[in-house]
Amino acid sequence: MMKNGDMKRFLGFVRKEFYHIFRDRRTLVILFGMPVIQLLLFGFVIRNEISEVKLGICDFSHDTETRRIVDKLCSGGIFKTTMNLTSPNEIGQAFASGKLQEAIVFEPDFASRLEGEGKGELQVITDGSDPNVSRIINGYTASVIRDYLSERKGDSGVAGVVPVPMMMFNPSLKSVYLFVPGLMALILMLVSALMTSISIAREKENGTMEILLVSSLRPFQIIIGKVVPYMLLAFINALTVLALAFVVFGVPCRGSLTLLILESLLFIITALSLGILISTITSSQQAAMMISLGGLLLPTILLSGFIFPISSMPLPLQVISNVIPARWYLVIVRAIMLKGADFSSLWQETLVLLVMTCVFIAASIRKFSVRLQ
């Protein structure tokens, strides 16, 4: 049992600890801010529904029944007809460029077969490079067709429209096709940014930063000198990751391997320049590491389209996702590896990564120039 004096000293110690916590804003942010942010972020991002599906129609019948089915699909507000296709050969390129998420092909004489034989077939083609989204879209389509049959016959169990599903680029719906490209983006982003983020922070802690600042080297030379060694090491890391993806997990590369390597190198430079920027605005290795891990890990996983489709997120999060470099690299690597896309389909994403790299490097050089002045 504690004596009265010991109890008072103990309570005084506890009171003092509370005072220390409430005076430290960073601790309060971690205690109260992080749970709220994580709850809001996960609550809005983790969703199983799809808010919009870009639909392409290839109609060889052009009759009233096909028009009614298309109208029924688009009446719910989820399916948006963005392309009218003249041939199924156009579907692959439309998927590769991101213009379509689903294509429906109506067989010739659809209405006459439906009336005469009691059965008309349509092919439902989805982008299997994202198996989760593909399954959801197929489920939505099947549900709409069941409703159409119910309205047409009064009994959804009768023979009628038969959807024939097909998963382009991933017929067997292997989940590894979804996760391996996403893990490549996550690993290269975190490793590259983390390596460089502690680089300049280490110079500050060791007291050698001032020597660099008063040397004959210009700010951009210091930045480039910091990036080049890590860029070479990260490039070797990228080649290792690609080799494991091909050999161990069996993920194909249907596009140009050279283009994939060059795009990966660009993404590495983007991540390294972001790490350098983080290191210029922090004063310690610990702070740089916390920002790199805490500030990049969750956004890269949740807001890049790695697991959850960006189109299903609220508009503010969709806007924020535009500044996540991994989002653009993920589009590129999936398109090249799984869809066989070429540079003409990916130049916009490449340009975004290039602009981000220039902005990060320019901001880092500006930070150094301010310190030199």
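Keep in mind it's a predicted model, so treat the numbers as computed, not measured. (Residues numbered from 1 in each chain as written. Predicted model: local features only at pLDDT ≥ 70, side-chain atom pairs only at ≥ 80, totals over all residues. Heavy atoms only, no water.)

Novice: Teacher, can you tell me more about the pattern of salt bridges here?
Specialist: Two side chains with opposite charge may pair up if their charged atoms get near one another. Considering all chains together, one arrives at 3 salt bridges under this definition. Residue Glu107 pairs with Arg113 through a salt bridge whose shortest N-O separation is 2.7 Å. A relative accessible area of 15% places Glu107 in the buried class. Taking relative accessible area as the criterion, Arg113 reaches 25% and is therefore assigned partly exposed. Two residues, Lys339 and Asp127, come together in a salt bridge whose shortest N-O distance is 2.7 Å. On the criterion of sequence distance, the pair formed by Lys339 in helix α13 (residues 325-339) and Asp127 in strand β4 (residues 120-127) is long-range, its members being 212 residues apart. Per residue, the accessibility class of Lys339 equals that of Asp127, and both read buried. (Salt bridge = Lys/Arg side-chain N within 4 Å of Asp/Glu carboxyl O. Buried < 20%, exposed > 50% of the residue type's maximum accessible area, 1.4 Å probe, protein only. Helix = DSSP H or I, 4+ residues; strand = E, 2+ residues; numbered from the N terminus.)

Novice: I'm lost on helix α10 (residues 257-280) in this one. Help?
Specialist: Residues spaced three or four apart along an α-helix point in a common direction, a consequence of the helix completing one turn every 3.6 residues. Helix length check: α10, at 24 residues, gives a terminal C-alpha distance of 35 Å against a target of 34 Å (1.5 Å per residue), a fit within 8%. With 18 of its 24 residues buried, α10 lies for the most part within the structure. The distance from a side-chain oxygen at the start of α10 to the backbone nitrogen of Thr258 is 3.4 Å, and the residue carrying that oxygen is Ser256. (Expected span 1.5 Å × (residues − 1). Polar contact = N/O pair within 3.5 Å; in protein donor to acceptor, adjacent residues only side chain to side chain.)

Remember, this is a structural readout, not a statement about activity or role.
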